[in-house]
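Residue-level structure breakdown
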Amino acid sequence: MTSVIINSVDRALDILNYLYEQGKEVSITQISKDLDIYKSTVYRTLATLESKDFVEKNPETEKYGLGMKLFVIGNSIGEKIGLQKVIQPYAKQLHDEFKEAVNVSVLEHSDGGPYHSVMIYKEENKQILGFNSDLGSRNECYCAGVGKCLMAFKDQLDLSVYKKFPMTKYTERTITTIEGLEKELEMVRRQGYAVDDEERELGLTCIAVPIMKGSTKQAVAAISLSGPTTRIKDSTYETKIKRLKEIGREISEKLK
């Protein structure tokens, strides 16, 4: 049977594949040149993809990169492959032990833009008061435990981006200066874990540790335990930190 190709769909998929292969944000002019497509056509195609969250436009550079919808779709099979398959039993073990929310996130960062963490796996809190969020949710790194781990153990970290994207002060505890963030990340490297100490929301605390791959000492993900401060910082607080660090090391060993 002869294949039926819908040109507009074929063109949109070509652009998505191109952005994936580039691994960075690209301008309309560059896409047009490299794919030999009229700029007006590239613009309309990108506008359509952006409306469905398949691509994202950086307002500072006017360039385009892949969007979160692709992550959400890919995540539907994520439990069967790769990182999530390795992490799942450890996350469940951590949740069963402490009965608090367990989340695993990876770093999202576009050239010249701020740093975000994206949740790829979760074990929800089954207690009445706790921290829950959706898979694929995107959060600023500077005020999150997982985010601090992902930044602290990343090569070529560029904190100067926060001159263009000021850090929002969510609570009195939120870090809002580059100098303050530098000190915090150095402490995370030194102690091997990070804490969101009511920095995003009063009453909620998160402890997180990095997950490394191989001997690079670079974080490929971070795993956290989150919940009301009164429960997270109870008499088992140090035990929680110890267990998180143990689990982080065990997962990292599996990824070698």
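Residues numbered from 1 in each chain as written. Predicted model: local features only at pLDDT ≥ 70, side-chain atom pairs only at ≥ 80, totals over all residues. Heavy atoms only, no water.

Going by what an unreviewed UniProt entry lists, the chain is known as Glycerol operon regulatory protein and is assigned to Anaerotignum lactatifermentans.

Now for the pairing of strand E2 (residues 63-66). Here strand E1 (residues 55-58) pairs with E2 via four bridges, running antiparallel. Directly across from Val 55, in E2, lies its bridge partner Leu 66. (Pairing = 2+ DSSP bridges. Helix = DSSP H or I, 4+ residues; strand = E, 2+ residues; numbered from the N terminus.)

Let's shift gears to the sheet that holds strand E6 (residues 194-197). The pairing of strands in a sheet comes from backbone hydrogen bonds and takes either a parallel or an antiparallel form. In space, the six strands of this open sheet follow the order E5-E4-E3-E8-E7-E6, with antiparallel pairing throughout. Each edge of the open sheet is held by one strand with a lone partner, namely strand E5 (138-140) and E6. Across the sheet, the axes of successive neighbouring strands diverge by a mean angle of 30°, strand direction being ignored. Judged from the four bridges that link them, E6 and strand E7 (residues 204-212) form a sheet pairing that is antiparallel. Across the sheet, Val 195 pairs through a bridge with Ile 207, a residue of E7. Each of E6, E7 and strand E8 (219-228) is contacted by helix H9 (residues 237-254), which is oriented at about 25° to E7, the strand it contacts most. (Axes fitted to C-alpha atoms, helices over the stretch in contact; angles between N-to-C directions. Contact = heavy atoms within 4.5 Å.)

All right, on to the pattern of salt bridges then. The final tally for this structure, using the stated rule, is 14 salt bridges. Between Glu 186 and Arg 189 there is a salt bridge, and its shortest N-O distance comes to 3.3 Å. Taken together, the residues span about one helical turn, with Glu 186 and Arg 189 both in helix H7 (residues 178-191) at a distance of three residues. For the salt bridge of Lys 233 with Asp 197, the shortest nitrogen-to-oxygen distance reads 2.9 Å. Taken together, the residues span a long stretch of sequence, with Lys 233 in the loop between helix H8 (229-232) and H9 and Asp 197 in strand E6 at a distance of 36 residues. (Salt bridge = Lys/Arg side-chain N within 4 Å of Asp/Glu carboxyl O.)

Here we come to the state of the cysteines. Overall, the coordinates contain zero disulfides when judged by the stated rule. Of the cysteine sulfurs around Cys 143, a residue in no disulfide, the closest is that of Cys 141, at 8.7 Å. Here Cys 143 falls in the buried class, since its relative accessible area comes to 2%. Cys 149 takes part in no disulfide bond, and the closest cysteine sulfur, belonging to Cys 206, lies 8.3 Å away. (Disulfide = S-S within 2.5 Å. Buried < 20%, exposed > 50% of the residue type's maximum accessible area, 1.4 Å probe, protein only.)

Another aspect to go through is unusual backbone geometry. Despite not being glycine, Asp 36 has its phi angle at roughly 55°, a positive value. Tracing the sequence through the fold places Asp 36 in the loop between helix H2 (28-35) and helix H3 (39-51). Of note in the backbone geometry, Glu 62 takes a positive phi value of approximately 65° without being a glycine. Relative to the elements of secondary structure, Glu 62 occurs in the loop between E1 and E2.

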